[in-house]
Number of protein chains: 2
Amino acid sequence: MTAGAQRLADLRAGGKPALARALTALEAGLDPAGAPDAETAALLDAAVADPAGTVIGLTGPPGVGKSTLTGALLARYRAAGLGVGVIAVDPSSQITGGALLGDRTRIRTSPEDEQAFVRSLAARDRLGGLSDHAVAAALLMRAVYGRTIVETVGIGQSEADIGLVADTLVLCVQPGSGDSLQFMKAGIMELPDIIVVTKADMGAAARRARADVEGALGLFAASGGMDWKVPVVALSASSGEGIDDLIGAIDDHRAWLEQGERLARRREKQALAFLRDCIRTRHGRAGLQRILTEITDSDAAAPFAALSRLVEKLTP
Amino acid sequence: MTAGAQRLADLRAGGKPALARALTALEAGLDPAGAPDAETAALLDAAVADPAGTVIGLTGPPGVGKSTLTGALLARYRAAGLGVGVIAVDPSSQITGGALLGDRTRIRTSPEDEQAFVRSLAARDRLGGLSDHAVAAALLMRAVYGRTIVETVGIGQSEADIGLVADTLVLCVQPGSGDSLQFMKAGIMELPDIIVVTKADMGAAARRARADVEGALGLFAASGGMDWKVPVVALSASSGEGIDDLIGAIDDHRAWLEQGERLARRREKQALAFLRDCIRTRHGRAGLQRILTEITDSDAAAPFAALSRLVEKLTP
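Residues numbered from 1 in each chain as written. Chains lettered and ligands numbered in written order. Predicted model: local features only at pLDDT ≥ 70, side-chain atom pairs only at ≥ 80, totals over all residues.

Caption draft 1: Highlighting the sheet that holds strand β6 (residues 194-197) of chain A. Residues and elements named next belong to chain A. Taking strand neighbours across the sheet as the criterion, the seven strands line up as β3-β2-β4-β1-β5-β6-β7 in an open arrangement whose pairing is parallel. Only two strands of the sheet have a single partner each, and these edge strands are β3 (116-122) and β7 (232-234). Adjacent strand axes in the sheet meet at a mean angle of 20 degrees, parallel and antiparallel pairs treated alike. The pairing of strand β1 (residues 54-60) with strand β5 (residues 168-173) spans four bridges and is classified as parallel. Looking at the pairing, Leu 58 lines up with Val 170 of β5. On top of the sheet, helix α7 (residues 132-142) reaches β1, β2 (84-90), β3 and β4 (147-153); it is set at about 170 degrees to β2, its chief contact. (Pairing = 2+ DSSP bridges. Helix = DSSP H or I, 4+ residues; strand = E, 2+ residues; numbered from the N terminus. Axes fitted to C-alpha atoms, helices over the stretch in contact; angles between N-to-C directions. Contact = placed C-beta atoms within 7 Å.)

Below, the structure is given as structure tokens:
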């Protein structure tokens, strides 16, 4: 067993306290301007190599009801016997010193439940992207739990970043808020795997919102090239209506991903994109240009070792 | 006269053909992974030192009517005898190969009008930020025309980037699209200087949108600390209703900026933020860390010379 695999085995055996310590250690072990330390890189690459489950990315504008929905998904997955890790990324902590973090406590878990773990993390910056640290935390949770949920405020950087780690990307929109759809229609926003219309208890407005979304999606279907048909799920997280539909849609997407090499390919692409992103963050376009040809597809299997190697080359 | 000032004088004397050539030359002269060439840096620093007018940034989600509004502002400023430059930043050109660029022709100018110039530029990336090149183009236009309008698709990167160059930032929202407001309320979106509710001919929905915006702004006023009260202007670019109100609000903001050192300070802060951003883009966090202490306030007066000097130091 490699040192990394041993550390991962210890982490899995150590329960929530071990995971909490590992996540805290990530902050020190992943230098945002330099290389990861050797222990951190070994653990993370072991986690990349041996996932225990899948990652659901939940994104959408503030106030759309993502936290309530995360809580509802967590409860359903726990009831089905799956372990669940949650990463809630909070962009406002950059500005308000954490005012919205209080909000995160809406996601309730029992301290006695060893199979439910919630962690709030600061965003990359005010625009709400995922820090390297948040991506690494999601990879670690993915190696421990059957389901990892990463919740970010979307449109813009975080919507792009969550694509670095989500197996299934769920975009939440609400009745009477057309901006997200406009971004999607204009091709600025990546197409999610599933679209949720929240607050479906709002009646006619929710039905219209759903019809609007389906209309917007029709544009993509018409232009061809998609072999996954993006479902639109209407739900009310407060009444629970529609949650089963969402779980069904996520399961369908997972089943689709598991046909052939889709899931493996998606994760390889993500690992390489994350590696390039980490290098660009640390050493800019000039640094990435300098070592781009040294990144090979095989680095997807151990992106953190590759990051260490490449950052070392770039550091004067 | 310095070489840069001479080149700027030639540019001003050369009319639209000279400006068109200068903007095209920027693409070659501003290496996105390296230093600007000496001629480009000299011209741009001369433009920074000697502005002819102010920059209005127009942002908002796709479909909100920014192009129509830009066209209306251009016509009004021209009628008032002011020269107008427009930069329309097109994020979709990254994906569709320019499908939306056709749309840009909605901004009509007469080829014979020497004092109206419209240029479409690609965005930084799919998320729609301003490239260094677009910021530099705006600085050049600012040195030539009484009004420069920079139009970007907003929320996210471009909304942050337009703050690098706009003297007056105008956010456009439309009735029934609450996402932008939610971003503002959550503190993720920077507060603009003026908010426009477009499609005011939509009646009750427009009035409600305006009331929503004013409610959201009330939160900020209540928290104190702002000495500019953000006005909310309802308008219909198609009927022309409200355009005069917007021009009045922009003039008021300009007058407020020109009290004391506000405009000068804002531009100094922008120049330094742009300089840091250019270095981070080229050499990452590690590069910026290495030379951060070498950036001084005086670099705001000649940011492109500073960029050359610092990038040279960072290039191995």
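Caption draft 2: Quick peek at helix α11 (residues 243-257) of chain B. All names here are of chain B. In this model, α11 (15 residues) spans 21 Å end to end at C-alpha, consistent with the 21 Å of a helix rising 1.5 Å per residue. Along α11, the residues classified as buried are Leu 246, Ala 249, Ile 250, His 253 and Leu 257. Buried residues along α11 cover an arc of 100 degrees about the axis, so they all sit on one side. Exposed residues lying more than 90 degrees from the buried face of α11 are Asp 244, Gly 248, Asp 251 and Ala 255. (Expected span 1.5 Å × (residues − 1). Buried ≥ 20, exposed ≤ 12 C-beta atoms within 10 Å, placed from the backbone. Arc of directions from axis to C-beta.)

Caption draft 3: Representation of the environment of Ala 80 of chain B within the structure. Here Ala 80 of chain B is to be found in the loop between α4 (66-79) and β2 (84-90). Here the alpha-carbon distance between Ala 80 of chain B and Arg 12 of chain B, two residues 68 residues apart in the chain, equals 20 Å.

Caption draft 4: Spatial organisation of the packing of helix α12 (residues 262-291) of chain B against helix α13 (residues 303-314) of chain B. Residue and element names in this part refer to chain B. Relative to each other, α12 and α13 sit at 5 degrees, their axes nearing to 10 Å. On the basis of their axis angle, the class for α12 and α13 is roughly parallel. Between α12 and α13, the residues in contact are Ala 271, Phe 274, Leu 275, Cys 278, Ile 279, Arg 282, His 283, Gly 287, Arg 290 and Ile 291 and Pro 303, Ala 306, Leu 307, Leu 310, Val 311, Lys 313 and Leu 314, respectively. Looking at the contact of α12 with α13 residue by residue, the classes come out as 12 nonpolar, two polar and three charged. (Parallel < 35°, antiparallel > 145°, perpendicular 65-115°, else oblique. Nonpolar A, V, L, I, M, F, W, Y, C, P; charged D, E, K, R; others polar.)

Caption draft 5: Up close: the environment of Gln 115 of chain A. All names here are of chain A. Tracing the backbone through its elements, the reader meets Gln 115 in the loop between α6 (101-104) and β3. Considering only alpha carbons, one finds Gln 115 and Gly 85, 30 residues apart in sequence, at a separation of 7.8 Å. Once residues within four sequence positions are removed from consideration, Gln 115 is found in contact with Arg 78, Gly 83 and Val 84.

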